[in-house]
Each structure stands twice: as structure tokens, then as C-alpha cells.
Amino acid sequence: MGEAREVMDRLTDAVTAHTDLKAVGELYAEDAVAFTPDEGELRGRDSIVEYWRTMTEAVPGATFEVLHSYEAGDTAIDEGIYRGRNTGPLELPNGETLPPTQKEVRIRGVDIATVRDGRIVDYRLYFDEMDFLGQLGLLPDEPF
């Protein structure tokens, strides 16, 4: 196992099993960049940790089941299923906060982390945001 794989596994553990935001912050370089479906581009460790704070508070105790795990050079890739219950407030990009829906979510996604000197410098998260919002019951019943 290479450095990228080890760092990605530690990130998954810190975000899900232990919800340790201090550990999450230590895994990202100070000038790291992340791309997410719901928040877009995030620049800097503090912005990325804040993103994970909102996710872990909205769905505390979530799990991630790895379906496929890869490492190529300085990059680790995981495809898996994120599961949990929305028991915390959900912060929206526009600053609004939605109360917990108490609904279960099951989201298939892909994480890609590029690591240099033991820290993530580039992170990409892909999941179907409409599927996520639909599972939370936040989409209208009528088709668009």
C-alpha cells in the first residue's frame, strides 16, 4: 500500500468511523483544493474541513462501504456507498439551514485524492446531488 492509499483510508475513517475533524484537517495540505457536487470548488484546508463538518453534523455516524479501491502513483480512488440518517441540520450553500429530515440516505459516490508529502493536495468528490436531495425528501413531487 502506498502513501496515497494510506492517506485516503485515514480520511475515510476520520470522516465516518470516528468523525474526527482535527484528523481530517491534518490530512489536507494548507493550500489544498477540493471539488464537490454541492459546494463546488473549495480552496484551503479550513474550507475543506468546514465542508466535512457540515456533512458529519447533518449525517452523524455515517458509514462508507468501499466497492472499489485503487491507487495509481500519488492518487487514490474509492468508489463506494455512503449511508446514514439525516439527524442534524443541513447547511445549504446559500447560507440557509434545513432542519433534520430523519430520513435514511444511501448515496453512491467516488472520491479521488492526490497526495504529496503525506497530505491531500487535490480532492474530488462525485455523487448524485439530486439523488441525495430526493432521498431527504427535499425535491418537489412533480417532475420538473
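Here is a short report on the structure shown in this document. (Residues numbered from 1 in each chain as written. Predicted model: local features only at pLDDT ≥ 70, side-chain atom pairs only at ≥ 80, totals over all residues. Heavy atoms only, no water.)

### Details of helix α3 (residues 45–58)
Because an α-helix completes one turn every 3.6 residues, residues spaced three or four positions apart along the sequence face the same direction. Its 14 residues place the ends of α3 20 Å apart at the C-alpha level, agreeing with the 20 Å of an ideal helix rising 1.5 Å per residue. Burial in α3 covers these residues: Ile 48, Val 49, Tyr 51, Trp 52, Arg 53, Thr 54, Met 55, Thr 56 and Ala 58. (Helix = DSSP H or I, 4+ residues; strand = E, 2+ residues; numbered from the N terminus. Expected span 1.5 Å × (residues − 1). Buried < 20%, exposed > 50% of the residue type's maximum accessible area, 1.4 Å probe, protein only.)

### Structural notes on the pattern of salt bridges
Proximity of charged atoms lets side chains of opposite charge pair with each other. Scanning the model with the defined rule gives 13 salt bridges in all. With its nearest N and O atoms 2.8 Å apart, the salt bridge here joins Arg 83 to Glu 65. Within this pair, whereas Arg 83 is found in strand β4 (residues 75–85), its partner Glu 65 is found in strand β3 (residues 63–72), the two being separated by 18 residues in sequence. Residue classification places Arg 83 among the partly exposed residues on the basis of a relative accessible area of 31%. Linking Asp 74 and Arg 116 is a salt bridge whose minimum nitrogen-to-oxygen distance equals 3.8 Å. Here Arg 116 lies in strand β7 (residues 104–116) and Asp 74 lies in the loop between β3 and β4, a separation of 42 residues in the sequence. Exposure remark for Asp 74: the relative accessible area of 33% places this residue in the partly exposed category. Beyond isolated ion pairs, a larger network of salt bridges with shared partners links Glu 50, Arg 53, Glu 57 and Glu 91. (Salt bridge = Lys/Arg side-chain N within 4 Å of Asp/Glu carboxyl O.)

### Notes on the environment of Leu 98
With respect to the secondary-structure elements, Leu 98 resides in strand β6 (residues 97–98). On the basis of relative accessible area, Leu 98 is assigned to the partly exposed category, the value being 23%. For the pair Leu 98 and Glu 41, spaced 57 residues apart in the sequence, the C-alpha separation amounts to 22 Å. The residues touching Leu 98, leaving out its near neighbours within four places in the chain, are Pro 89, Leu 90, Leu 92 and Leu 138. (Contact = heavy atoms within 4.5 Å.)

### Looking at helix α1 (residues 3–15)
The terminal C-alpha atoms of α1 lie 18 Å apart, and with 13 residues this matches the ideal 18 Å at 1.5 Å per residue to within 8%. Restricting attention to buried positions, one finds in α1 the residues Ala 4, Arg 5, Val 7, Met 8, Leu 11, Thr 12, Ala 14 and Val 15.

### Focus: the nonpolar core
Within the largest apolar cluster, 37 residues are counted, with the highest numbers of intra-cluster contacts made by Leu 11, Val 24, Tyr 28, Trp 52, Ile 120 and Tyr 123. Among the elements of the structure, α1, α2 (21–27), β1 (28–36), α3, β4, β7 and β8 (119–127) are those that each provide at least two residues to this core. (Core = buried A, V, L, I, M, F, W, Y, C linked by side-chain atoms within 4.5 Å.)

### Observations regarding the pairing of β8
Sheet analysis places β1 next to β8, joined by four bridges and oriented parallel. Its bridge partner lying in β8, Tyr 28 is registered against Ile 120. Hairpin remark: β7 followed by β8, antiparallel, with two residues in the connecting loop; positive phi at Asp 117, about 55°. (Pairing = 2+ DSSP bridges.)

### A short note on the packing of aromatic side chains
Centre distance and the angle of the planes are the two values used to describe a pair of aromatic rings. The full count for this structure, using the stated rule, is four aromatic pairs. Each ring, one from Tyr 51 and one from Trp 52, has its centre 5.4 Å from the other, and the planes form 70°; the classification is edge-to-face. Each of the two residues, Tyr 51 as well as Trp 52, counts as buried. Their ring planes at 80° and their centres at 6.0 Å tell us that Phe 127 and Phe 132 sit as a pair that is edge-to-face. Judged by its relative accessible area of 14%, Phe 127 falls in the buried class. The class for Phe 132 is buried, based on a relative accessible area of 6%. Through successive ring pairs, a cluster of aromatic residues spans Tyr 28, Tyr 51, Trp 52 and Tyr 123. (Phe/Tyr/Trp six-rings, centres within 6.5 Å; stacked < 30°, edge-to-face > 60°.)

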